[in-house]
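Tertiary structure, described
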Amino acid sequence: MLGRLLLSRGYHSTKGVFGHRPRPTTRYEGLAAAVLDKRNANANVYRWVEAYRNHGHRMAAIDPVKFHLADEAASEPLPELQYARYGLGAADRIDPRGLLNVPAAQQPLSMAELDALLARMYCGSCSIELAFIESEQEREWLAGRYEQLFQHELTEGERRELAELMLKSQAFDQFLAVKFPTVKRYGGEGAESMMAFYWELFRSAGEHELRNVVIGMPHRGKLNVLTTMFGTRPAKIFKKFKGHPEFPADAQAMCDIASHFHTSTDIIVGGKTFHLNMLHNPSHLEAVNPVSMGKARAKQLALADGPYDTSGTDRRSKVLNVQVHGDAAFPGQGINQECLMMAAVPHYEVEGTVHLIVNNQVGFTTPAERGRSTRYVSDLAKAIMAPVVHVNGDDPEALAGVTQLAIEYRQKFGKDFFIDLNCYRRWGHNELDDPTVTNPLLYRVIHGRPSIPDRYAGRLIEAGVFDQQDVDAISNSHRNYLTAELAACEQYEPERSYFGGQWAGLQQPGDEVTVWNTGVDYRLLSHIGQESVRLPEGFNVHPHLQKTHIDARRKRIAEGQRIDWATAEALAIGSLMYQGFNVRLSGEDVGRGTFAQRHAMLVDQQTNEIFIPLNAMAAATPNAGRFELANSILSEEAVLGFEYGMAIDSPNSLVLWEAQFGDFFNGAQIIIDTFLVSGETKWMVCNGLVMLLPHGYDGAASEHSSCRVERFLQMTDSRETSPDGDAVNLQIINPSTPAQYFHALRRQQIRNFRKPLLVVAPKTLLRLSDCVSPHTDFAPGTHFQPVLPDPAPLDPKRVRRVVLCSGKHYYTLASERQARQVTDVALVRVESLCPFPVQAIRDELAKYANAREFVWSQEEHRNMGAWTFVQPRFENMCERRIQYRGRPEAATVAVGVSKWHVREAEDVIKTTLY
């Protein structure tokens, strides 16, 4: 019952909200009376059949390179599969109808015939696991449809197509081995049967009239499928192998290796067209998976499809996510568990993913039995009750059939499906690695057997489908084609594969900092502010929120002088929605906000229904965008990867990810390093993702104090000796006013380019009475200011010390300065850390001609914060020496003793001002 409740949860909404379509409850009528009668009348036989369905996989012949001594023990009969165990005898004869999904027999089957039939289906070259699936409806459908696969054979033409694809893949690897013997190509040798997966994937995509297929795949065999099936010219690969860039000369890119290439192309199969996206992947295995999910979800958003379909029908999404995994990486990398835990979560589900595990049965050098603690590499799938079929790589026809089953299941049930393709790796981790050093017995078997394409071609020759001349002709023809492509590669001109489609009109920015008018008429902002807390009639709001959130916001908006942080955020989001932009805010507890400041999502205290006021406003506004609030699972890496996938496909959506505390971002470090800050320079893939990382030293010790801004600054390509422009790879701000935050969010969408933005977000400033902005700071003509001048009424001529600081720290210093009546110290706020605002700082320094001391003050320790970033840039380009004031060097972010924290904070203030 618990599993049923979890799978049918309504997420605070029986009606649905933007981005979440509650699945209609379908009544399962159960098994037909005739089937139940047949099973009850043959109860022992049915127990035996179920034993095969549940245990047959343990005896299946799915390993193409068996060599372990344990394999001999595995060949012993399995007691659960012996019919005598169920009181059946050799003389019994059984009519299998109602027990198995097989055609009606001319006469009842003998036990030997039925045993052979069951063994063929469940102990042959493929076998299904479904006993762990709770839903009887799914189990019955899967068993029946799986058993049907064995009643269908491919036509001779279809078998020839499969053989041709695999032979071409083999010829490609052999060609590269001769022409580029020292290049690591991460070929598909030993896994060529994956061509059968893609062959059937394309056919099924056309049959189900899919619009988009989004694939995340690692490097193994990627070049084979790109050039053999996905339309990538081999000349592009060859030119890259010869040391040339893959982008035109005017692209601001550092490029990447060939095995990380992508494609975006239309595929036509059977007169049906769908768009294929295979994403760029980093060498960090499995990291691309959540990105592919996010991109698939963005495609659904663009098509008003799947979770965004408001038509009221129960049609399945026309966008399919496919993930290809490695056998060592899938159980080994925790990001996969995170992805699976998102599979059915509102605002993250993509209505089912088809997974293919290319099971080489060895990691880099690690034998399979040492790479996990489970029987199968696919056992994580059981956590979400996803069906698993294990397939022998020597049987591409079985793989094609199972792929068809996977897509049918996904289209029917909207859930994930796993295929465990047992194959091998003919060479080591790459073609230059000798695997016999560490796995001699395995590779003795591998090197002593025919290749998978040759073995399959041999089967077709025996069956009279091919002759050897046909096989040789296919290989020779493809080698001739590759030879021609190699000759043409020097003349091959890289394609401009970026800033097309939904990115049309956007560009890479230049080497200057541009200013964008992001102000909005306050009459509109006032309307948005009021609507952001307007409730439908009869809504039972929490009484505390009525007073502190709703009434308080209405008062602020009406007065227009003390706009706080959360209100400014609502105004930025609402005004972008008015301009037609969608906004997505993702993270843990974002609807309420970690610090109970946002309350963009309100919950009826009587019905538990949620209500998002800004979407009610948008519904009454023509052509307005929508606001998707995505309360995430407790994950950083997969969730941020998902949001990155949304951002790279949706330039017209403002995508924000908020960490619960800024300290926790490092759970997503792989995504930040390999995608967020480097995706544009490696792959010419831009994104405008915003990361909100709450930061501030408040006495909360090591893991609730710092977003480690120093690490992000180090990841930028900001220059130390010449001014930055908008072209920096990552923009980092530490805003100190609500209006600055407002302008920064709006600027992300108003500009004609997209760059990721890191906001060092506040905690105490959310409710600090001094941290407010008047309505004039939001007016037309206003914009984000990279540097804020000192608002205090100082005499510039008397200022002896200019203190540069950032964010929340300013208010601490300003309060102490006022209390002590210090009049010779100016406080200049550096709101933009990257791009580093050299000219704006110079302009401020020019006001204080008599100043002789220049100080950078920060809360963080000296080896943290912005100090090491600011110092060389200030001294090189502002041509003044700058001193440090802040905490001393430390190994951890913050002390865990409150008295020490207070003493440190006092020391920072005193040394800064006196």
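Quick caveat, the model's predicted, so the values are computed rather than measured.

By the definition in use, this model includes 32 aromatic pairs. For the pair F202 and F230, a centre-to-centre distance of 5.6 Å together with 35° between the ring planes defines the contact as tilted. Here the residue F202 occupies a position in helix α8 (residues 194–207), and F230 occupies one in the loop between α9 (222–228) and α10 (234–241), the gap between them amounting to 28 residues. Accessibility assignment for this pair places F202 and F230 in one class, buried. The class of F202 is buried, set by a relative accessible area of 6%. Aromatic rings pair up to connect F197, Y198, F202, F230 and F274 into one cluster. Stacked on the ring of F261, the Lys or Arg K236 has its end atom at 4.9 Å from the ring centre. In this structure, R584 is placed above the aromatic ring of Y348, and the distance from its NZ or CZ to the ring centre is 5.1 Å.

A few words on the pattern of salt bridges. Opposite charge on two side chains lets them pair, provided their charged atoms get close. The full count for this structure, using the stated rule, is 55 salt bridges. For R145, the salt bridge goes to E408, with nearest N and O atoms at 2.6 Å. Here R145 is found in helix α6 (residues 136–148), whereas its partner E408 is found in helix α14 (residues 396–413), with 263 residues between them in sequence. Like E408, R145 is buried. A salt bridge links R233 to E485; the shortest N-O distance between them is 3.1 Å. Remark: E485 occurs in helix α17 (residues 468–488) and R233 occurs in the loop between α9 and α10; sequence separation between them is 252 residues. For E485, a relative accessible area of 9% gives the class buried.

One can read the domain layout of the protein as domain 1 (40–127), domain 2 (156–487), domain 3 (522–784) and domain 4 (789–913). Each of domain 3 and domain 4 has a C-alpha centre, and the two are 26 Å apart. In this assembly, 38 residues from domain 3 lie in contact with 32 residues from domain 4. Regarding the contact of domain 3 and domain 4, the summed buried area is about 2900 Å², with carbon and sulfur atoms giving 58% of it. Linking domain 3 to domain 4 there are 22 residue pairs in polar contact (both at pLDDT 80 or more). Elements that contribute at least two residues to the side of domain 3 that touches domain 4 include exactly α25 (709–714) and β17 (731–733). Tallied by class, the residues present in the side of domain 3 that touches domain 4 amount to 14 nonpolar, 17 polar and seven charged.

Calculation notes
All residue numbers refer to positions counted from 1 along the written sequence of the respective chain. Local features are withheld for residues below a pLDDT of 70 in this predicted model, meaning they are given only at 70 or higher, and side-chain atom pairs are given and counted only at 80 or more; totals for whole chains, interfaces and linings count all residues. Excluded from the side-chain calculations are hydrogens and water; all other atoms, namely the structure's heavy atoms, are used. In summary, the pairing rule links any two rings of Phe, Tyr or Trp, Trp by its six-membered ring, whose centres are within 6.5 Å, and it sorts them by plane angle into stacked for under 30 degrees, edge-to-face for over 60 and tilted for everything else. Here a helix means four or more residues in a row that DSSP labels H or I, a strand means two or more in a row labelled E, and each is numbered from the N terminus. Throughout this description, buried means an accessible area under 20% of the type-specific maximum (1.4 Å probe, protein chains only), exposed means over 50%, and partly exposed covers the range between. Definition used: whenever NZ (Lys) or CZ (Arg) falls within 6 Å of the ring centre and also within 35 degrees of the ring normal, the charge is taken to sit over that ring. Salt bridges are identified by distance alone: a Lys or Arg side-chain nitrogen within 4 Å of an Asp or Glu carboxyl oxygen. Note that the domain bounds were set by an automatic or database domain assignment. Only heavy atoms enter the contact rule, under which two residues are in contact if any of them lie within 4.5 Å. In this description, buried area is defined as the sum, over both parts, of the accessible area (probe of 1.4 Å) that is lost when the two are combined. A 3.5 Å cut-off defines polar contacts: any pair of N or O atoms within that distance qualifies, except that in protein one atom must be a possible hydrogen donor and the other a possible acceptor, and neighbouring residues in sequence count only when both atoms are side-chain atoms. When residues are sorted by character, Ala, Val, Leu, Ile, Met, Phe, Trp, Tyr, Cys and Pro go into the nonpolar class, Asp, Glu, Lys and Arg into the charged class, and all the rest, Gly among them, into the polar class.

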